[in-house]
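# Overview (structure and organization)
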Amino acid sequence: MDQPAPVVVHDAAASQRLPVYSVIVPAFNEADFLPHTLQSLSAAMGALEQPGEIIVVDNNSTDDTADIARALGARVVSEPINQISRARNAGAAVARGGFFIFVDADTEIPANVLGQALRQLREEGACGGGATVAMNHPHWFPAHVLALWNHFSRVTRIAAGCFMFCRRDAFTACGGFSEKVYASEEIWLSLALARWGRSRQRRFVILRETVTTSARKVDWLSAGAIIRQILIFALFPLAVRSKRFCGAWYVRPGADSE
């Protein structure tokens with residue numbers, strides 16, 4: 001594989017300043033998707049005046065995820081226990097910014113979305129939020145599921161896990177992402193942040209702007225497998241506490257889940 005060109009997160013002057021925000025990317029065997037994600041993040045961050053940092057959390061990868069992240073200029077930390085909540089929390093634990101931006105390793109965040117998220121946190125009184133989600137190369141079934149999710153997200157003000165942002169103090173007060181679950185951690189944190197915000201006249205918002213995530217789960221899993229995963233969670237909500245029942249988030253083609 002050709003070595004990707006390094007990203008440039010800030011200019012020389014900005015690099016001397018404490019980052020205003022930290023972009024945290026959990027990554028388990030993400031060698032295929034991480035280069036594009038980090039390069040698009042760098043472009044978005046470079047379009048903003050506020051300095052930021054990128055933290056990639058290598059979540060027990062067996063591929064070149066960590067080396068690729070370093071080559072692209074990201075700060076890399078390790079979380080040996082393969083759990084998305086732990087990876088996100090590990091990144092937040094070393095982050096220097098006052099605002100946290102959580103981005104999945106297969107998700108593209110345009111500059112206008114990143115800028116709007118920071119504006120909401122800095123100027124509009126938001127405690128946190130998310131955005132509507134689009135899928136690259138959508139298949140008909142997941143496209144309909146995604147449309148339903150976007151409607152649900154806007155009505156309930158619950159963020160999708162592929163892109164979520166919040167204030168550092170709110171994240172800390174809420175205890176971060178729940179490590180009792182192996183999926184749906186963004187739902188529980190969204191609800192906790194909204195409760196924290198209500199007592200302080202701060203809103204949890206879902207932006208009208210859109211982020212784009214990959215259709216890889218659809219490529220990896222059959223429609224039947226996706227439906228089974230949805231039914232398991234609908235019928236047995238506590239299944240999210242077992243990694244065994246959250247395979248869609250932890251199984252990678254050609255790699256073990258541990």
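Relevant structure appears above.
Not measured: the values here are computed from a predicted model. (Residues numbered from 1 in each chain as written. Predicted model: local features only at pLDDT ≥ 70, side-chain atom pairs only at ≥ 80, totals over all residues. Heavy atoms only, no water.)

### Describing the pairing of strand β7 (residues 163-167)
The two faces of a sheet get side chains in turn, since along a regular strand they alternate between them. Counting buried positions along β7 gives 5 out of 5 residues, so the element sits mostly inside the fold. Here β7 shows no split at all, with F163, F165 and R167 on one side and M164 and C166 on the other all buried. Where strand β4 (residues 99-103) and β7 come together, 5 bridges link them in antiparallel fashion. Within β7, the residue paired with I101 across the bridge is F165. The pairing of strand β6 (residues 126-135) with β7 spans 3 bridges and is classified as antiparallel. Residue pairing in the sheet places G128 in a bridge with C166 of β7. (Buried < 20%, exposed > 50% of the residue type's maximum accessible area, 1.4 Å probe, protein only. Helix = DSSP H or I, 4+ residues; strand = E, 2+ residues; numbered from the N terminus. Pairing = 2+ DSSP bridges.)

### What about the sheet that holds strand β2 (residues 52-58)?
Read from one edge of the open sheet, 8 strands run β3-β2-β1-β4-β7-β6-β8-β5, paired in mixed fashion. Of all strands in the sheet, those with a lone pairing partner are β3 (75-78) and β5 (107-108), marking the two edges. Lying over the sheet, helix α7 (residues 185-198) contacts β6, β7 and β8 (203-213), oriented at roughly 30° with respect to β7. (Contact = heavy atoms within 4.5 Å. Axes fitted to C-alpha atoms, helices over the stretch in contact; angles between N-to-C directions.)

### Some words on the packing of aromatic side chains
Enumeration over the complete set of coordinates arrives at 8 aromatic pairs. On the basis of an interplanar angle of 80° and a centroid distance of 6.1 Å, the ring pair of F100 and F102 is categorised as edge-to-face. Considered together, F100 and F102 belong to a single accessibility category, that of buried residues. Plain terms: the ring middles of F163 and F165 are 5.7 Å apart, the flat faces sit at 50° to each other, and that makes the pair tilted. You'll find F163 and F165 in the same group, each marked buried. Members of the aromatic cluster, connected to one another through ring pairs, are F100, F102, F171 and F177. In this structure, R88 packs its charged tip against the face of F177, placed 5.3 Å from the ring centre. (Phe/Tyr/Trp six-rings, centres within 6.5 Å; stacked < 30°, edge-to-face > 60°. Lys NZ or Arg CZ within 6 Å of the ring centre and 35° of its normal.)

### So, the side chain of S85
If you trace the backbone, S85 turns up in helix α3 (residues 84-94). Contact partners of S85, with chain neighbours within four places excluded, come to F177, S178, E179, V181 and E185.

### As for the side chain of S61
One can find S61 in the loop between β2 and α2 (65-71). The class for S61 is buried, based on a relative accessible area of 17%. There is a polar contact of 2.9 Å between the side chain of S61 and the backbone nitrogen of N29. In terms of polar contacts, S61 uses its side chain to reach the side chain of D58, at 2.7 Å. Leave out the neighbours within four places in its chain, and S61 touches A27, F28 and N29. (Polar contact = N/O pair within 3.5 Å; in protein donor to acceptor, adjacent residues only side chain to side chain.)

### A word on unusual backbone geometry
Although it is not a glycine, S184 sits at a positive phi angle of roughly 70°. Mapped onto the secondary structure, S184 falls in the loop between α6 (168-173) and α7.

### Notes on a nonpolar patch on the surface
A surface patch of nonpolar side chains, about 420 Å² in accessible area, is lined by I227, L231, L235 and F236. Following the sequence through the fold, L235 ends up in helix α9 (residues 223-235). (Patch = residues over 30% accessible without salt bridge, like charges linked within 9 Å, V, L, I, M, F, W, Y side chains within 5 Å. Areas by Shrake-Rupley, 256 points an atom, 1.4 Å probe, with all protein chains shown as cover. Salt bridge = Lys/Arg side-chain N within 4 Å of Asp/Glu carboxyl O.)

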